[in-house]
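Understanding the architecture of this molecule
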Amino acid sequence: MKVFALLATLATGIVLLYGTRDFAPWGDPDSPANSHLSRVYIERAVEETHVPNLVTAILGDYRGYDTMFETVVIYCAGMAVVCVLRRSRS
Amino acid sequence: MKQLQEQVARNPEGDNLIIRTAVRLLVPFIQLYGLYVIVHGHYSPGGGFQGGVVLGASFILLALAYDLKTSLRFMSERVNNLLSNLGALIFIGIALLCALLGGLFLDYAALERLIPLGAEEWHSLGIFLVELGVGLAVMSIMVSLFWDLASGGDMEEGL
Amino acid sequence: MIWQLDQFVLLLVVVCAVAVITVRDLLSAAVIFGVYSFLMCLLWAKMGAVDVAFTEATVGAGISTVLFIAAIFRTTRRSKD
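Cut-offs applied
- Residues numbered from 1 in each chain as written.
- Chains lettered and ligands numbered in written order.
- Predicted model: local features only at pLDDT ≥ 70, side-chain atom pairs only at ≥ 80, totals over all residues.
- Helix = DSSP H or I, 4+ residues; strand = E, 2+ residues; numbered from the N terminus.
- Rg over C-alpha atoms; globule rule 2.2 N^0.38 Å.
- Buried ≥ 20, exposed ≤ 12 C-beta atoms within 10 Å, placed from the backbone.
- Contact = placed C-beta atoms within 7 Å.
- Expected span 1.5 Å × (residues − 1).
- Axes fitted to C-alpha atoms, helices over the stretch in contact; angles between N-to-C directions.
- Parallel < 35°, antiparallel > 145°, perpendicular 65-115°, else oblique.
- Nonpolar A, V, L, I, M, F, W, Y, C, P; charged D, E, K, R; others polar.
- Core = buried A, V, L, I, M, F, W, Y, C linked by C-beta atoms within 7 Å.
- Left-handed = near helix turned anticlockwise from the far one by under 90°.
- pLDDT = per-residue confidence, 0-100.

To continue, consider the overall build of chain B. From N to C terminus, chain B includes six helices and zero strands. For chain B, the sequential pattern of α-helices and β-strands runs α-α-α-α-α-α. Taking 15 Å as the expected radius of gyration for a compact globule of 159 residues, we find that chain B reaches 19 Å, considerably beyond that expectation. A burial count over chain B gives 44% of its 159 residues as buried.

Shown next, in the form of structure tokens:
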């Protein structure tokens, strides 16, 4: 059984490594991920938001929904732990 | 693990003078650094989430070096609940305020109708306020997670 | 980063990942997981994603290790192995 699990893991790893061969080179400016939306962000973000740090501009402004629901998820996790574990003191 | 449990059961206050003194000296600087990370997120790596985690870690360090009661003295349960709700409400409140002022949800430029500063400046300021809310929420939720997990929920003893 | 150093860090990441799931003591597993997070943080910083590296260092190595240890602290060992 252990040998079978090892073989399955190795086969999955080899397939995943084979899939990475089609990736664009690291940092390639002409790759599909970098050529459409990223270019617009890099050109416009500083003059539209006056935030020099591009990551903060994207996270806080262009992707505001993402950050908002990230906060809501953390809030829900904290409240769930409080609801399950915390006992009120007399 | 068993050794640690027995040691904590024998001496819940912790007896290492070096660790306690070092933590007492370190905690203000860690909190200052957390505030710096939140406020300086516009210009350097960092932001609300990371700064909030650093701020929360300072309280957790206090609870680890002393005991849980000491960290409860610096931030009580009520204040912790209040801050976590306030942080989430700041974010959603600002987003709703944008919508109520006639813009889109989370479109900070609409806040210009409240105080005219210019759309770009309001984008920058809106991101700052939102990051502040994220920082508050993350800080208090990390601390309350640690309290509940370390004490099993009764907030009496633990680690 | 020099590529030899890069390969070395990647090797250490794999060693840590295997060690986390094979080591018997839960406390050791939590600590090795923290080491794994720091190595990943090093890799993110090397790739230029400083924000991700910062998050990984604070959350992955700082808070989550402490939360793991706090959770393990409440457990007891039942089996004698």
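Still to come is the rest of the account.
The subject of this paragraph is the overall build of chain C. Helix and strand counts for chain C stand at three helices and zero strands. Shown N-terminal to C-terminal, the secondary structure of chain C runs as helices and strands in the order α-α-α. Principal axes of the C-alpha set define a box for chain C whose edges measure 45 × 25 × 10 Å. Considering chain C as a whole, with its 81 residues, one finds that 20% of them fall into the buried category. Pairs at least 24 residues apart make up 44% of the contacts formed inside chain C by residues separated by at least 6 positions.

Another aspect to go through is helix 5 (residues 77–100) of chain B. Residues and elements named next belong to chain B. Relative to the 34 Å expected for 24 residues at 1.5 Å per residue, helix 5 spans 33 Å between its end C-alpha atoms, a close match to the ideal helical length. Taken together, the buried positions of helix 5 are N80, S84, G87, A88, I90, F91, I94, A95 and C98. The positive-phi residue at the C-terminal boundary of helix 5 is G102, with phi of around 105°.

Their axes nearest at 9 Å, the elements helix 4 (residues 54–62) of chain A and helix 6 (residues 119–151) of chain B cross at an angle of 85°. The pairing of helix 4 of chain A with helix 6 of chain B is recorded here as roughly perpendicular in orientation. Facing T56(A), G60(A) and D61(A) of helix 4 of chain A, the residues of helix 6 of chain B in contact are H123(B), I127(B), V130(B) and E131(B). Among the residues forming the contact of helix 4 of chain A with helix 6 of chain B, the class breakdown is two nonpolar, three polar and two charged.

Another point: the interface of chain A and chain B. Taken together, the 25 residues of chain A in the interface contact 30 residues of chain B. Take the side of chain A that touches chain B: its biggest share by element is 12 residues, from helix 5 (residues 64–85) of chain A. Residue classes in the side of chain A that touches chain B are distributed as 11 nonpolar, nine polar and five charged.

With that out of the way, let us pick up the nonpolar core. Judged by nonpolar contacts, the single largest core of 53 residues is most densely connected at I60(B), F91(B), A137(B), V138(B), M142(B) and F146(B). Elements with a minimum of two residues in this core: helix 5 of chain A, helix 2 (17–39), helix 3 (48–65), helix 4 (68–74), helix 5 and helix 6 of chain B together with helix 3 (50–73) of chain C. Per element, the largest residue contribution to this core is 17 residues, and it comes from helix 6 of chain B. Those residues in contact with I60(B) that sit more than four places away from it in its chain are V143(B), F146(B) and V66(C).

Below, the discussion takes up the packing of helix 5 of chain B against helix 6 of chain B. Residue and element names in this part refer to chain B. At their nearest, the axes of helix 5 and helix 6 sit 8 Å apart, and the two run at 150° to each other. As far as their axial angle goes, helix 6 and helix 5 are roughly antiparallel. As for the relative orientation of helix 5 and helix 6, their crossing is left-handed in sense. The segment helix 5 lies against helix 6, with N80, L83, S84, L86, G87, A88, I90, F91 and I94 engaging G126, L129, V130, L132, G133, V134, L136, A137, S140, I141, V143 and S144. Residue composition of the contact of helix 5 with helix 6, grouped by class: 14 nonpolar, seven polar and no charged.

A separate point is unusual backbone geometry. In this structure, H50(A) is a non-glycine residue whose phi angle is positive, near 60°. Examined against the element boundaries, H50(A) turns out to sit in the loop between helix 3 (37–49) and helix 4. Overall, the presence of 18 C-beta atoms within 10 Å leaves H50(A) in the partly exposed class. The phi dihedral of L106(B) is positive, around 70°, even though this residue is not glycine. Within the element layout of this structure, L106(B) appears in the loop between helix 5 and helix 6.

All names here are of chain C. Taking 1.5 Å per residue as the helical rise, helix 2 (residues 26–46) with its 21 residues ought to reach 30 Å, and the 30 Å between its terminal C-alpha atoms agrees with that figure. All of the buried residues along helix 2 are A30, I32, Y36, S37, L39 and M40. Where helix 2 is buried, its residues touch helix 1 (3–22) and helix 3. Two residues or fewer past helix 2, G48 is found with a positive phi of approximately 90°.

Turning our eyes to something else, we now look at the confidence of the model for chain C. The predicted structure's coordinates, where accompanied by low pLDDT, should not be read in detail. Residue and element names in this part refer to chain C. Put simply, chain C has an average pLDDT of 89, and 95% of its residues get 70 or more. The least confident element of chain C is helix 3, whose mean pLDDT is 91; the most confident is helix 2, at 93. Reported for the predicted complex are a pTM of 0.87 and an ipTM of 0.86.

The next subject is the environment of V54(B). Inspection of the secondary structure puts V54(B) in helix 3. Judged by the 28 C-beta atoms lying within 10 Å of it, V54(B) is buried. Counting along the chain gives 17 residues from V54(B) to V37(B), while the straight-line C-alpha distance between them is 8.6 Å. For V54(B), the residues in contact, after removing those within four places along its chain, are I30(B), Y33(B), G34(B), V37(B) and T58(C).

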